Amino acid sequence: MTTTTPARGRRRAPSRMERAAGRAAAFQKPRVILALLLLLALTSVMLLDGYLRSEIGNDARVRDGAAYDKVPSRILDGGPLLTFDHGTATTQSVPDRTIVLTFDDGPTATWTPQVLKVLEENDVDATFFMVGSMISRYPGVVKSLVKQGNEVGIHTFTHVDLSYQSAARLQRELKQTQLALAGAAGVTTTLFRAPYSSEIDAVDNYSWPVYQEIGDLGYTSVFVDTDSDDWKKPGVSKIVRWATPKKNKGAIVLMHDAGGDRSQTVSALGTYIKKMKAKGYTFTTVSGAQAMLNGNRSGVSRQSGSAGAGAGASAGAGIGGTGAAQAAQHQAAGATLYEGRALVYAVAVAEWVVPALSWFLLVVGIAVMGRFGMMLVLARRHHRQRNRGRGKGARGGGRFSWGPAVTRPVSVIVPAYNEKECIANTLRSLAKSTHPIEIVVVDDGSDDNTSEIAESLGMPNVRVVRQENAGKPAALNNGVRTARHDIVVMMDGDTVFEPDAVHQLVQPFADPEIGAVAGNAKVGNRTTLIGAWQHIEYVMGFNLDRRMYDLLRCMPTIPGAIGAFRRDAVLGVGGMSEDTLAEDTDITIALHRAGWRVVYQEHARAWTEAPGSLRQLWSQRYRWSYGTMQALWKHRKSLTDKGPSGRFGRVGMPLVVLFQIVTPVFAPLIDVFTGYSMVFVDFRAALLAWLAVLAVQLVCAAYAFRLDREKYRYLAMLPLQQLAYRQMMYLVLIHSCVTALTGGRLRWQKLKRTGEVGTPAGAGR
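From a predicted model like this one, the values you see are computed outputs, not experimental measurements.

Visitor: Please explain a nonpolar patch on the surface as it appears in this structure.
Guide: A contiguous nonpolar patch, built from W359, L362 and I366 and spanning about 370 Å² of accessible area, is present on the exposed surface. Along the chain, L362 turns up in helix α12 (residues 334-386). Judged by relative accessible area, which is 44%, L362 ranks as partly exposed.

Laid out in structure tokens, this is it:
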């Protein structure tokens, strides 16, 4: 190999690999930010939906029985219309034989349209005091309501008792409801009715300052004269009777178009209108009643027949075409209009996204639980099948065998790039092999004396092949071409084998249908927290996932740390491809499509050095995830193929896509839903649900540890793994998905090694 030394005093030009790594790093940060922004957006949608449904910021306190000595007696004895003129409170009563129908708590998609239909059939307008959160959820209903000639008022955004709230909360409740009205119907209003209010004589020392502040903002507070108590569902006749004012007096009548089953209200409404008209009553809106009190009777009701006339029209009101009957409404414009539309659009997104995600996550949850069950069943079956006749106390039925023992020599290929910390341990572990082997170390352009260290060990069965730096796939292909035997074992330069690992790994080749074998890779540096988390992941992944895939004959990946192949099979599919970053997944799928069977050999154990820092872990898993997606996309035609290729495409590929991509991508939302439920909905129920899922995972992990004869003490870290490590893996996968969707490409990335994984001390540690 030729080495070029840069001239003194001159800056060395970056290599091709360094330039590629720089481009990759430049692309990664924006994609991480995009992935986090996507998760933040979905979280925001959930919070908005929860706010609309009063799960966030909900205050169910309702004041009752408070003193009223600070409220002026003229107010308590006054009419139901309360206004403030330069700080002076004034009340008014509805004229005799006049009814102002008011409806609270809506709108709803079910009952409000039915109420509107009855009003339209009877040529009557009404005033609807609407909750802002409901307005934003049903903007179409509000728009139809205003267009029909009805009037709207504010009933706060979240239906809270304002006497308990701060001034800032009061302002927010009013502004948000105005924005909702502007976005839904293009109007704002100066009418207000407080939740849980009734007749004006119920104003107390706590609510009076609230009404004063609201009046100073230019609102008219509307109380009631007659309460139908329709929310009690007393029956049609009682609703009609209770809503009827006494002695032909005028009245503001309270009914509801939301808050439960309002079928009795709808049924009573038509009867009530006909009854009151027969008595000579006129129906109008709050604004219409105020116009009548001010001496303007034109345009105050449909019966008057002069729509659009009067002071209300000249004041810029009349939205909907009834003049003074809608004088409290004004055309929304400017920032209010556009902010309102944005609110309505955001709510529409939340109304669609959150239920859809809820159902989707329910399906995913069921699928995940089903997968856990299937893994346990198939893992047990796999273990019993492959370990039949092994160990003490083995029962009858015959010892499991792949066929005649494979004893012929095999080639072990060790691709190495700057592995000076690990290469000696790797080769010394191979020197203890109980199976005859030749070792081919392919030095992929290392600049840290890796090849010199390998040669200095003086092992007679070790050959060092040097090549220009071209990447791991090229190094493996070079090793396959120079291998002298028909079976090749591939491993990483930082991995150490147990003495019988190679012998165990090649035994399945006694079956001529088998083209490749996956070994059992174990984490050697498990003493750290990150290492222990990866140890749990490796044990569960190999002992459950690979056993399941083995029996289903759709093994998706032969680990780069320990795998064996028929040399002819590898060459027959074109060798290790550079098309993806996951060459091990790529070659495994290619072998499936070529008709070879791929199996898992649990007794062939190798110990690998897992990433020792979060940064290295992110880099490794990012490459794995992105490479897996590349490999699946490359082999997507297997979905429609016939034979073994089609079997993998229709069995293995959906399993990998569903459980290694789709489910982990949406898993953060499950955690967000869980956290949201704990904080805003039902802490106990959400915590129990999370603990139940954790218990299922703990059972699966414990069974995997039992199969691999591992110490259970590491399982104590499983809860913390679910809270921290798993979240990082989700973000890595989301990052990979964003990279795939944006068309980015990455090169193979070298991890920093320490060489701390030495000769394995055996399983179970």
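Visitor: Would you explain the side chain of N525 in this entry?
Guide: Counting through the fold element by element, N525 comes out in the loop between β18 (514-523) and α17 (529-552). Within the structure, the side chain of N525 is placed 2.9 Å from the backbone nitrogen of A610, a separation counted as a polar contact.

Visitor: Got a minute to help me understand the packing of aromatic side chains in this structure?
Guide: By the definition in use, this model includes five aromatic pairs. Measuring from ring centre to ring centre gives 5.8 Å for F84 and W208, while their planes differ by 40°; the resulting arrangement is tilted. Linking F84 in strand β1 (residues 81-85) with W208 in helix α7 (residues 208-216), this pair joins segments that are 124 residues apart in sequence. On the numbers, 5.1 Å between centres and 55° between planes, the contact of Y211 with F223 is tilted. In this pair, Y211 is assigned in helix α7 and F223 in the loop between β8 (220-222) and β9 (226-227), connecting sequence segments 12 residues apart. On the basis of relative accessibility, which here comes to 6%, the residue Y211 falls in the buried class. Residue F223 is classed as buried on the basis of its relative accessible area of 2%. The ring of Y164 carries R63 above its face, with NZ or CZ at 3.9 Å from the centroid.

Visitor: Looking at this structure, I do not really get a positive patch on the surface. What am I missing?
Guide: On the surface, a cluster of positive charge is contributed by R97, K238, R241, K275 and K279. Here R97 is to be found in the loop between β2 (88-92) and β3 (98-104).

Visitor: Which parts of the structure should I look at to understand the nonpolar core?
Guide: Where a protein is soluble and globular, its nonpolar side chains tend to be buried together. L430, V441, V489, F497 and F565 are the most contacted members of the largest nonpolar core, which totals 96 residues. Looking at this core, the element that brings in the most residues is α17, giving nine residues. Apart from the residues within four sequence positions on either side, V441 is in contact with V414, A416, I423, L427, V462, R463, V464 and V465. Residues V71, I154, I200 and Y211 belong to the second largest nonpolar core, which totals 61 residues.

Visitor: Would you explain helix α5 (residues 139-147) in this entry?
Guide: In an α-helix there are 3.6 residues to a turn, and that puts residues three or four apart on one side. All of the buried residues in α5 are V141, V142, L145 and V146. What you see down the axis of α5 is that its buried residues fit within an arc of 130°, all on one side. For α5, exposure combined with an orientation more than 90 degrees from the buried face picks out K143 and K147. Immediately beyond the C-terminal end of α5, within one or two residues, lies G149, with a positive phi of roughly 110°.

Visitor: When you look at the sheet that holds β18 in this model, what are you seeing that I'm missing?
Guide: Strand-to-strand pairing in sheets goes through backbone hydrogen bonds, with the strands running parallel or antiparallel. Taken in spatial order, the eight strands of this open sheet run β15-β14-β13-β16-β19-β18-β20-β17, and their pairing is mixed. One side of each edge strand has no neighbouring strand; the edge strands of this open sheet are β15 (462-467) and β17 (496-497). Bridge count for β18 against strand β20 (residues 597-608) is eight bridges, and the pairing is parallel. Within the sheet, the bridge partner assigned to K522 lies in β20 and is W607.

Visitor: Can you help me understand the pairing of strand β16 (residues 487-491) in this one?
Guide: Successive residues of a regular strand alternate their side chains across the two faces of the sheet. Taken across its five residues, β16 has five buried, putting it largely inside the fold. Neither face of β16 is open: one carries I487, V489 and M491, the other V488 and M490, and all of them are buried. Here three bridges tie strand β13 (residues 410-416) to β16, and the two strands are oriented parallel to one another. Along β16, the bridge assignment pairs S411 with V488.

Visitor: What is the right way to look at unusual backbone geometry in this model?
Guide: Excluding glycine, residues mostly have negative phi values, and the peptide bonds linking residues are mostly trans. That bond from G106 to P107 is cis: its omega, 0°, falls within 30 degrees of zero. Structurally, P107 is set in the loop between β3 and α3 (111-121). For D229, which is not glycine, the phi dihedral falls at a positive 50°. Within the secondary structure, D229 is located in the loop between β9 and α8 (236-242).

Visitor: Looking at this structure, I do not really get the pattern of salt bridges. What am I missing?
Guide: Side-chain pairs of opposite charge can arise whenever the charged atoms involved come near each other. In the structure shown here, the tally under the stated rule is 19 salt bridges. R597 is the partner of D511 in a salt bridge, and the nearest nitrogen-oxygen pair spans 3.8 Å. Taken as a pair, D511 in the loop between α16 (501-506) and β18 and R597 in strand β20 lie far apart in primary sequence, 86 residues in all. R597 matches D511 in its accessibility class, with the two residues each being buried. Through salt bridges that share partners, K522, R526, D708 and E710 make up one connected network.

Reading guide: rules and limits
- Residues numbered from 1 in each chain as written.
- Predicted model: local features only at pLDDT ≥ 70, side-chain atom pairs only at ≥ 80, totals over all residues.
- Heavy atoms only, no water.
- Patch = residues over 30% accessible without salt bridge, like charges linked within 9 Å, V, L, I, M, F, W, Y side chains within 5 Å.
- Areas by Shrake-Rupley, 256 points an atom, 1.4 Å probe, with all protein chains shown as cover.
- Salt bridge = Lys/Arg side-chain N within 4 Å of Asp/Glu carboxyl O.
- Helix = DSSP H or I, 4+ residues; strand = E, 2+ residues; numbered from the N terminus.
- Buried < 20%, exposed > 50% of the residue type's maximum accessible area, 1.4 Å probe, protein only.
- Polar contact = N/O pair within 3.5 Å; in protein donor to acceptor, adjacent residues only side chain to side chain.
- Phe/Tyr/Trp six-rings, centres within 6.5 Å; stacked < 30°, edge-to-face > 60°.
- Lys NZ or Arg CZ within 6 Å of the ring centre and 35° of its normal.
- Lys, Arg positive; Asp, Glu negative; His and termini not counted.
- Charge placed at Lys NZ, Arg CZ, Asp CG, Glu CD.
- Core = buried A, V, L, I, M, F, W, Y, C linked by side-chain atoms within 4.5 Å.
- Contact = heavy atoms within 4.5 Å.
- Arc of directions from axis to C-beta.
- Pairing = 2+ DSSP bridges.

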